[in-house]
Amino acid sequence: MKALTEQEIRRSFVNCTKGEAKRLSVPHDLAERPWDDLDFLGWRDPQAPDRAYLVTELDGRPTALALRSTGASSWQTRRSMCSMCMTTHTGGVSLMVAAKQGKAGQQGNTVGAYICSDLACSLYLRGKKDLGTGAQLHETLTLEEKIQRTTANLAAFITRVTS
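No experiment lies behind these values; they were computed from the predicted model shown.

Caption draft 1: A look at the nonpolar core. Counting 42 residues, the largest nonpolar core has Ile-9, Phe-13, Trp-43 and Phe-157 as its most contacted members. Going through the elements one at a time, strand E1 (40–45), strand E2 (48–58), strand E3 (61–69), strand E6 (93–99), strand E7 (110–116), helix H4 (121–125) and helix H5 (143–162) are the ones with two or more residues in this core. The greatest single-element share of this core, amounting to five residues, is contributed by H5.

Caption draft 2: Quick look at the layout of surface pockets. Its volume calculated, the largest pocket comes out at about 500 Å³. Lining the largest pocket are 21 residues, with Asn-15, Cys-16, Glu-20, Ala-66 and Ala-99 positioned closest to its centre. Of all elements in the fold, only helix H2 (18–23), E2, E3, E6 and helix H3 (103–106) reach the threshold of two or more residues within the lining of the largest pocket. Within the lining of the largest pocket, the residues separate by chemical class into nine nonpolar, seven polar and five charged.

Caption draft 3: Quick look at the sheet that holds E2. Spatially, E1-E2-E3-E6-E7 is the arrangement adopted by the five strands of the open sheet, whose pairing is antiparallel. The open sheet terminates on both sides in strands that have one partner only, identified here as E1 and E7. Adjacent strand axes in the sheet meet at a mean angle of 30 degrees when their direction is disregarded.

Caption draft 4: Looking closely at the pairing of E6. Sheet topology note: the E3/E6 ladder contains three bridges and is antiparallel. Bridging from a neighbouring strand, Arg-68 pairs with Val-97 of E6. Note: E6 against E7, seven bridges, orientation antiparallel. The residue of E7 that forms the bridge with Met-96 is Ala-113.

Caption draft 5: Fine view of the pattern of salt bridges. Applying the stated criterion to the full structure yields eight salt bridges. The closest approach of N and O atoms between Asp-50 and Arg-68, which form a salt bridge, is 3.2 Å. One end of the pair, Asp-50, is in strand E2; the other, Arg-68, is in strand E3, with 18 residues separating them in the sequence. Classification of Arg-68 by relative accessible area gives partly exposed; the value is 41%. Here Arg-149 makes a salt bridge to Glu-139, at a shortest N to O gap of 2.6 Å. One end of the pair, Arg-149, is in helix H5; the other, Glu-139, is in the loop between H4 and H5, and 10 residues separate them in sequence. The exposure class of Glu-139 is partly exposed, given its relative accessible area of 25%.

Cut-offs applied
Residues numbered from 1 in each chain as written. Predicted model: local features only at pLDDT ≥ 70, side-chain atom pairs only at ≥ 80, totals over all residues. Heavy atoms only, no water. Core = buried A, V, L, I, M, F, W, Y, C linked by side-chain atoms within 4.5 Å. Buried < 20%, exposed > 50% of the residue type's maximum accessible area, 1.4 Å probe, protein only. Helix = DSSP H or I, 4+ residues; strand = E, 2+ residues; numbered from the N terminus. 1 Å grid on protein atoms, 1.4 Å probe; cavity = no way out; pocket = protein on both sides within 12 Å on 5 of 7 lines; lining within 4 Å. Points joined across faces, edges and corners; volume = space filled by probe spheres on them. Nonpolar A, V, L, I, M, F, W, Y, C, P; charged D, E, K, R; others polar. Pairing = 2+ DSSP bridges. Axes fitted to C-alpha atoms, helices over the stretch in contact; angles between N-to-C directions. Salt bridge = Lys/Arg side-chain N within 4 Å of Asp/Glu carboxyl O.

Here you go:
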């Protein structure tokens, strides 16, 4: 993924108003992010732990989503799988919900997916962040194929939000 500026990120949100995009927390360490290892940039809002954001390149331009996540529950102590990168976690996957774009979102319609709670899917795929034994299922796919699967899963999620 190419490095993005704060302004590029704020302009790329598709499921919130310009005012909301202007007020949301963007990471201050954008220059230090491992952009070459990222398929998407994801982060949690430090002031509102139930909020998360992600931005990716879709059709050659940045596209970002504002997400809400569920609070911790007893079921989260079980092993769960991220629907984006297929990494399994014990307590590290959250239901992330995005308001649909436009009038449907204003009426309260949402789309959800189970995603790594820390939104570090790209780093798990590449072995840059480790969850220990059993977190990655044994697969015969190459790293490139896993990356393609993850980006396809993310694109499908974004399409559900924007359609």
